[in-house]
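# Observations on chain architecture
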Amino acid sequence: MSAKTATPNKKLTFTSIYFLGINAIVGSGAFLLPQQIYKNIGVMSILVLLTAALTVSMVALCYADLSSRFSGSGAAWLYSYNAFGKFTGFQIGLFSWFLGCLTFTAESVALHRTLKSMYPALDNPIAKYAFPIGVIVLLSIINLFGTSIVKKINSVSSIIKIATLVFFLVVGVFFIKTAHFTPIVPESVKTTGSFFGHFGQAFSVVFYMFTGFSFIPVAAGQMNNPEKNIPKALIAVMSSVTIIYVLVQATAIGILGPSIAKFDIPIAQALNSSIGHWAYVLIVIGMIISIFGVAFAVSFNTPVLAASLSTEHNLLPSAVGKRNKNDAPYIAVIITMIISIFLVSFSYIFLVAAIVLASFIQYVPSILAVIKFKHTKQFPNNGFSLKGGDTIPIIALIISMYLLTNFRLDVLLLILGVFIVGLIMYYTSIKNKPDSPSAPQAPKGKVAQATTKLADKVATTTQSAPTHASTK
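Every chain is numbered on its own, with residues counted from 1 as its sequence reads. Note on the predicted model: pLDDT of at least 70 is required for a residue's local features to be given, and 80 or more for side-chain atom pairs to be given and counted; whole-chain, interface and lining totals, by contrast, use all residues. Heavy atoms throughout the structure, all of them, feed into the side-chain values; hydrogens and water do not.

### Brief notes about the overall build of the protein chain
Note the threshold: Numbering of helices and strands runs from the N terminus; a helix is a DSSP stretch of H or I covering at least four residues, while a strand is a stretch of E covering at least two. For every residue, the accessible area (1.4 Å probe, protein chains only) is compared with the maximum for its type, and the residue is labelled buried under 20%, exposed over 50%, or partly exposed between those bounds. A contact between two residues is defined here by any heavy atoms of the two lying within 4.5 Å. For the area figures, the Shrake-Rupley method with a 1.4 Å probe applies, and any residue is considered shielded solely by the protein chains shown.
Along its length, the protein chain carries 17 helices and 0 strands. Burial status across the protein chain gives 55% buried among its 472 residues. Here the contacts in the protein chain between residues at least 6 apart in sequence split such that 84% fall between residues at least 24 apart. As displayed, the protein chain has an accessible area near 20,100 Å², and 68% of this comes from carbon and sulfur atoms.

Listed below in structure tokens is the structure:
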């Protein structure tokens, strides 16, 4: 009876990582929030988009720098663990996991909001909860089949999503009216204080539209050459998404003008009013695919993150990291599904606000980790290094702190509750657990790689040399 050599699981390539990033970011916010942003700040919403994109891109560059230092899965929690210790790593890991659950739920709820515009029969109390729960369960089941099916569904949905947005932009440009871009600031904004108040409200909403980038490094362990591919993917994805968002917002305003504030799905309504109902239906279908794509990407990354917390540093019970024959972390998938189903009871706008706050909590220690590693020279870069010293991290930190001025009390209480649960978990069952011996914590810089190669060469030489017995 001959044993067959196991074939290693296929890794995610740069292209797959890029599409995963597009799907993780461009979702419900691109289609459901232009109305809200315009209500807050009018035509100036285009500038708010650029400002938020610049801010988030600075944070993304910090993630790119950190991802070039580590090849393990985990992203923010992994960086925080190595920079500031076990407690910080655990709390950030817990919040990153919770952020994934929040996003998974928000996109599932948004999918229902979009569909009910086309099928009014879905606009009832039962469907309001049953539909997003069904989506969460379906995607969780799909993720039990591992990365192979993930790559196929992710790439297809991303291509269709981008094609739909390109269609909207190419067709919509012929119906733009320049008169709709004045006045730049709404007439209701009469003072400087009022302007900054409206700008801040819009900024917080727009910030949500970019938050998905932080999930790109989460599945680093399942990617080819993550230290080099993730930084490139982060930069490519953020550039692509910024261009898409700005053009979509400008085109929608150019077609609808002030009436954009009346519609829940203004992107679809823009083509409905310009070329007909068939275009409205086409855009709604694109919206459904887009939102589904984000939900799918997050449903994949979130359990992977939970599993990495368990297997790489024993920050969660070992059962959470168990994998099935398809190499899917099935226990983490199930727990993520349960938490996400619980969050369906909250409204879409509440979930958006909670996502922004949870994102803020994981951004801050990650930015501080970049500053620390640059000064301590720990974990050398491999393939990408953030230039300019501490300038970009400090600017990203200051602007991120600005988000604190725009959070609701009920959102703050929810996040505080998660922190307290984490505190109890840590001191009762995590603090005294030893690190996992399989933790991939060796730095991945060129110096470390050279050292590893030298050690391998020495080991090979030692093993092949003859052994001589010595007598005293």
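### What about the nonpolar core?
Side chains of nonpolar character tend, in soluble globular proteins, to be buried together. Note the following rule: Among the buried residues, those of types Ala, Val, Leu, Ile, Met, Phe, Trp, Tyr and Cys that are joined through side-chain atoms within 4.5 Å form a nonpolar core.
Judged by nonpolar contacts, the single largest core of 144 residues is most densely connected at Phe 168, Phe 210, Phe 213, Tyr 245 and Tyr 348. At 18 residues, helix α14 (residues 348-376) tops the list of elements feeding residues into this core. Beyond its immediate stretch of four places on either side in the chain, Tyr 348 contacts Ser 28, Gly 29, Leu 32, Leu 33, Ala 106, Val 109, Ala 110, Arg 113 and Tyr 208. Core analysis: the second largest hydrophobic core is formed by 5 residues, Leu 20, Ala 24, Ala 297 and Val 304 among them.

### Looking at the packing of aromatic side chains
We count it as follows: Any Phe, Tyr or Trp ring, taking Trp's six-membered ring, that has another such ring centre within 6.5 Å forms a pair; planes under 30 degrees apart are called stacked, those over 60 apart edge-to-face, and the others tilted.
Tallied over the entire structure, the rule returns 17 aromatic pairs. For the pair Phe 203 and Phe 207, a centre-to-centre distance of 5.9 Å together with 45 degrees between the ring planes defines the contact as tilted. On the criterion of helical spacing, the pair formed by Phe 203 and Phe 207 is a turn pair, its members being 4 residues apart in helix α9 (residues 192-208). For Phe 207, a relative accessible area of 0% puts it in the buried group. Here the aromatic rings of Phe 373 and Phe 379 are separated by 5.3 Å at their centres, their planes lie at 70 degrees, and the arrangement is edge-to-face. By the burial criterion, Phe 373 is buried, and Phe 379 matches it. The rings of Tyr 63, Tyr 79, Phe 195, Phe 199, Phe 203, Phe 207 and Tyr 363 are connected pair by pair, giving a single aromatic cluster.

### Side note on a nonpolar patch on the surface
The cut-off we apply is this: In this analysis, a patch consists of residues with relative accessible area above 30% that form no salt bridge, clustered at 9 Å for like charges and at 5 Å for the nonpolar side chains Val, Leu, Ile, Met, Phe, Trp and Tyr. For this document, the term salt bridge refers to a Lys or Arg side-chain nitrogen within 4 Å of an Asp or Glu carboxyl oxygen.
A cluster of nonpolar side chains, namely Leu 409, Leu 412, Leu 413, Leu 416, Phe 419, Ile 420 and Ile 424, defines an oily patch on the protein surface of about 650 Å² accessible area. Take Leu 412: it is sitting in helix α16 (residues 409-430). Judged by relative accessible area, which is 36%, Leu 412 ranks as partly exposed.

### Some details on empty space enclosed by the protein
Going by this rule: For cavity detection a 1 Å grid was placed over the protein atoms alone, and a set of points counts as a cavity when a 1.4 Å probe fits there but cannot get out; an open set counts as a pocket when protein lies on both sides within 12 Å along at least five of seven lines, with lining residues being those that have an atom within 4 Å of a point. Grid points are joined across faces, edges and corners, and a volume is the space filled by probe spheres set on the points. The residue classification treats Ala, Val, Leu, Ile, Met, Phe, Trp, Tyr, Cys and Pro as nonpolar and Asp, Glu, Lys and Arg as charged. All others, Gly included, are polar.
Counted according to the given criterion, the structure contains 4 cavities of 30 Å³ or more. In this structure, the largest cavity encloses a volume near 90 Å³. Surrounding the largest cavity, 14 residues form its lining, Ala 24, Thr 103, Tyr 208, Thr 211 and Gly 212 being those nearest its centre. For the lining of the largest cavity, the secondary structure elements donating two or more residues are α1 (14-25), α2 (28-32) and α6 (86-118). Counting residues per element, the lining of the largest cavity draws most heavily on α6, at 3 residues. Among the residues forming the lining of the largest cavity, the class breakdown is 7 nonpolar, 6 polar and 1 charged.

### Topic: the side chain of His 112
Inspection of the secondary structure puts His 112 in helix α6. Residues contacting His 112, with those up to four places away along its chain left out, are Leu 122, Ala 127, Lys 128, Phe 131 and Pro 132.

### Thoughts on the side chain of Ser 96
Our working rule: A 3.5 Å cut-off defines polar contacts: any pair of N or O atoms within that distance qualifies, except that in protein one atom must be a possible hydrogen donor and the other a possible acceptor, and neighbouring residues in sequence count only when both atoms are side-chain atoms.
Position of Ser 96 relative to the elements: it lies in helix α6. A distance of 2.8 Å separates a polar side-chain atom of Ser 96 from the backbone oxygen of Ile 92. Looking at Ser 96, its side chain comes within polar contact range of the side chain of Gln 362, at 2.8 Å.

### Section: the confidence of the model for the protein chain
Fine structural detail should not be taken from predicted coordinates in areas where pLDDT scores are low. Which entries qualify depends on this criterion: Summary of the metric used: pLDDT quantifies the predictor's per-residue confidence within the range 0 to 100.
For the protein chain, per-residue confidence averages 80 on the pLDDT scale, and 85% of positions sit at 70 or higher. Of all secondary-structure elements in the protein chain, the lowest mean pLDDT belongs to helix α17 (residues 446-464), at 38, while helix α13 (residues 330-342) reaches the highest, 94. Taken as a whole, residues 1-8 scores under 50 in pLDDT and shows 0 contacts with residues more than four places along the chain or in a different chain. Counting interchain partners and residues more than four positions distant, the pLDDT-below-50 stretch residues 437-472 has 27 contacts.

### Digging into unusual backbone geometry
In this model, Thr 182 is joined to Pro 183 through a cis peptide bond whose omega is -5 degrees. Inspection of the secondary structure puts Pro 183 in the loop between α8 (147-172) and α9. Located in the positive-phi region is Lys 377, a residue other than glycine, with phi close to 65 degrees. Along the chain, Lys 377 turns up in the loop between α14 and α15 (391-402). Not every positive phi belongs to a glycine, and Phe 379 is a case in point at roughly 50 degrees. Tracing the chain through its elements places Phe 379 in the loop between α14 and α15.

### As for the pattern of salt bridges
According to the stated counting rule, one finds 3 salt bridges in the structure shown. With a closest N to O distance of 4.0 Å, Lys 374 and Asp 65 form a salt bridge. Note that Lys 374 is positioned in helix α14 and Asp 65 in helix α4 (residues 45-67), a separation of 309 residues in sequence. Under the relative-accessibility criterion, Lys 374 is labelled buried at 16%. By relative accessible area, which is 0% here, Asp 65 ends up buried. A salt bridge links Lys 116 to Asp 123; its shortest N-O distance comes to 3.9 Å. Lys 116 sits in the partly exposed class, given a relative accessible area of 29%. When salt bridges that share partners are traced, they join Asp 65, Arg 69 and Lys 374 into one network.

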